[in-house]
Amino acid sequence: APQFLDEIHAMAEGASASFDDLFRLNITELHIFAEKCTTLVFPIQTPKGRKILLAHNEDWDLERNDVFILRARLREVSYITLSYNGYLPGLSSGVNSFGLVHALNFLRPRDLHPGLPRIFVNRYLVTARGIADAMRWICSRKRAFGQAIHLAEGSRYVGLELTARQVAVRKVSLPTVHTNHYLCPELFPQATVPSWSSRDRLM
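A quick note: this is a predicted structure, and the numbers were derived from the prediction, not measured.

1. With respect to unusual backbone geometry
Inference 1: A cis amide bond links Leu174 with the next residue in sequence, Pro175, at an omega value of 5°.
Inference 2: Within the secondary structure, Pro175 is located in the loop between strand S9 (167-169) and strand S10 (176-178).
Inference 3: The phi torsion at Ser16 lies on the positive side, around 50°, for a residue other than glycine.
Inference 4: Relative to the elements of secondary structure, Ser16 occurs in the loop between helix H1 (2-14) and helix H2 (19-25).
Inference 5: Owing to a relative accessible area of 71%, Ser16 belongs among the exposed residues under this scheme.

2. Section: the packing of helix H3 (residues 118-127) against helix H4 (residues 131-139)
A pair of packed helices is captured by two measures, namely the crossing angle of their axes and the spacing between those axes.
Inference 1: Contact pair H3 / H4: the axes reach a minimum separation of 9 Å and the direction vectors enclose 165°. Comparing their axes, H4 and H3 come out roughly antiparallel. At the point where H3 passes H4, the crossing takes the right-handed sense. Contacts between H3 and H4 involve Phe120, Val121, Tyr124 and Leu125 from the former and Asp133, Ala134, Trp137 and Ile138 from the latter.
Inference 2: For the contact of H3 with H4, the class distribution of residues is seven nonpolar, no polar and one charged.

3. Some details on the sheet that holds strand S2 (residues 49-58)
Backbone-to-backbone hydrogen bonds join strands into a sheet, with any given pair of strands oriented parallel or antiparallel.
Inference 1: Read from one edge of the open sheet, three strands run S2-S1-S10, paired in antiparallel fashion. Every other strand in the sheet has two partners, leaving S2 and S10 as the edge strands with one partner each. When the angles between neighbouring strand axes are averaged without regard to direction, this sheet yields 20°.
Inference 2: Pairing analysis gives three bridges linking strand S1 (residues 37-46) to S10, with the strands arranged antiparallel. The partner of Thr39 across the bridge, within S10, is His178.

4. What about the nonpolar core?
Inference 1: Counting residues in hydrophobic clusters, the biggest one holds 26 residues, and the most contacted among them are Phe120, Leu125, Trp137, Ile138, Ile149, Leu151 and Leu160.
Inference 2: Elements supplying a minimum of two residues to this core: H1, strand S6 (100-107), H3, H4, strand S7 (146-153) and strand S8 (156-162).
Inference 3: Counting residues per element, this core draws most heavily on H3, which supplies five residues.
Inference 4: If near-sequence neighbours (up to four positions away) are discounted, Leu125 is found in contact with Asn96, Leu100, His102, Leu104, Ala134, Ile138, Ile149 and Leu151.
Inference 5: Ala148, Ala168, Leu187 and Ala191 belong to the second largest nonpolar core, which has seven residues in total.

5. Side note on the pairing of strand S3 (residues 67-73)
Inference 1: With seven bridges joining them, S3 and strand S4 (residues 78-84) adopt antiparallel strand pairing. If you follow Arg71 over to S4, its bridge partner there is Ile80.
Inference 2: In textbook terms, the turn of a hairpin is the stretch between consecutive antiparallel strands, and for S3 and S4 this stretch comprises four residues.

6. A short note on the confidence of the model for the chain
Inference 1: Residue-level pLDDT values for the chain average 93, and 97% of them are 70 or greater.
Inference 2: Confidence scores differ between elements of the chain, with helix H5 (residues 196-202) showing the lowest mean pLDDT of 91 and S8 the highest of 98.

7. Regarding the pattern of salt bridges
Inference 1: Evaluation of the coordinates by the stated rule reveals three salt bridges.
Inference 2: The partner of Glu76 in a salt bridge is Arg129, and the shortest N-O contact between them spans 2.9 Å. With Glu76 in the loop between S3 and S4 and Arg129 in the loop between H3 and H4, this residue pair connects regions lying 53 residues apart in the sequence.
Inference 3: One salt bridge in this structure joins Asp133 and Arg136, with 3.9 Å as the shortest N-O distance. With Asp133 and Arg136 both in helix H4 and three residues apart, this pair spans about one turn of that helix.
Inference 4: Taking relative accessible area as the criterion, Arg136 reaches 55% and is therefore assigned exposed.

Parameters at a glance
Residue numbers here run from 1 along each chain, matching the order of that chain's written sequence. At least 70 in pLDDT is required for a residue's local features to be given in this predicted model, at least 80 for side-chain atom pairs to be given and counted, and no such filter applies to totals for whole chains, interfaces and linings, which use all residues. Side-chain figures throughout are based on the complete set of non-hydrogen atoms in the structure, without hydrogens or water. Helix and strand assignments come from DSSP, with helices taken as H or I runs of at least 4 residues and strands as E runs of at least 2, each series counted from the N terminus. For the exposure calls, accessible area comes from a 1.4 Å probe over protein chains only, and a residue counts as buried if that area is under 20% of its type's maximum, exposed if over 50%, partly exposed in between. Only the stretch in contact is used when a helix axis is fitted, and all axes are lines through C-alpha atoms; the angle between N-to-C directions ranges over 0 to 180 degrees. Angle categories: roughly parallel below 35 degrees, roughly antiparallel above 145, roughly perpendicular from 65 to 115, and oblique for all the rest. In a left-handed crossing the near helix is turned counterclockwise from the far helix by less than a right angle, and in a right-handed crossing that turn is clockwise. When checking whether two residues touch, look at their non-hydrogen atoms; a contact exists if any pair is within 4.5 Å. Each residue is assigned to one of three groups, with Ala, Val, Leu, Ile, Met, Phe, Trp, Tyr, Cys and Pro labelled nonpolar, Asp, Glu, Lys and Arg labelled charged, and all others, Gly among them, labelled polar. Note on pairing: two strands pair once DSSP finds at least 2 bridges between them. Each nonpolar core is a collection of buried residues, namely Ala, Val, Leu, Ile, Met, Phe, Trp, Tyr and Cys, held together in the definition by side-chain atoms within 4.5 Å. Values of pLDDT, which run from 0 to 100, indicate the predictor's confidence residue by residue. A carboxyl oxygen of Asp or Glu within 4 Å of a side-chain nitrogen of Lys or Arg is what we treat as a salt bridge.

As structure tokens, then:
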């Protein structure tokens, strides 16, 4: 994903910071977070018909105060996403002008190996042209880590669970919820033991 390396170079230049420091920050796999987030998925009725609402909160380090809402207008697409200083956009949740909404949950698999850091996978979602485009990107990349990815476009919802080597599509009825552990049985062999917090939030 050389375009996202270029973006980190640009951020470093704009902030008079070291590229090495920002690159290291964006390899989130090197620091295992105790917890991350909860995502709820609801079907809702609007004046324009049935839509999907992704409700997402950040269970983050209490010492962090660098979260902000990033609104960007590029040549072909605009987007709004929850962001953190120094990170590529897309780490949490967002929506773009193509109508794609995404939310992410940190998951910790056992099958780690060299590959694309998860935040580089997520950065693509911010400007993806829809669910099909996002899934092509996700499934065609050699990934280093795992996560849950929630995608909504109009009335359609797709919930994915990823390890570093596998992708599973969740078969769920809505509403549904996801926290920080694997729910797809086919991925259980690669799943780490869920925390009490993740289990409690899921209930």
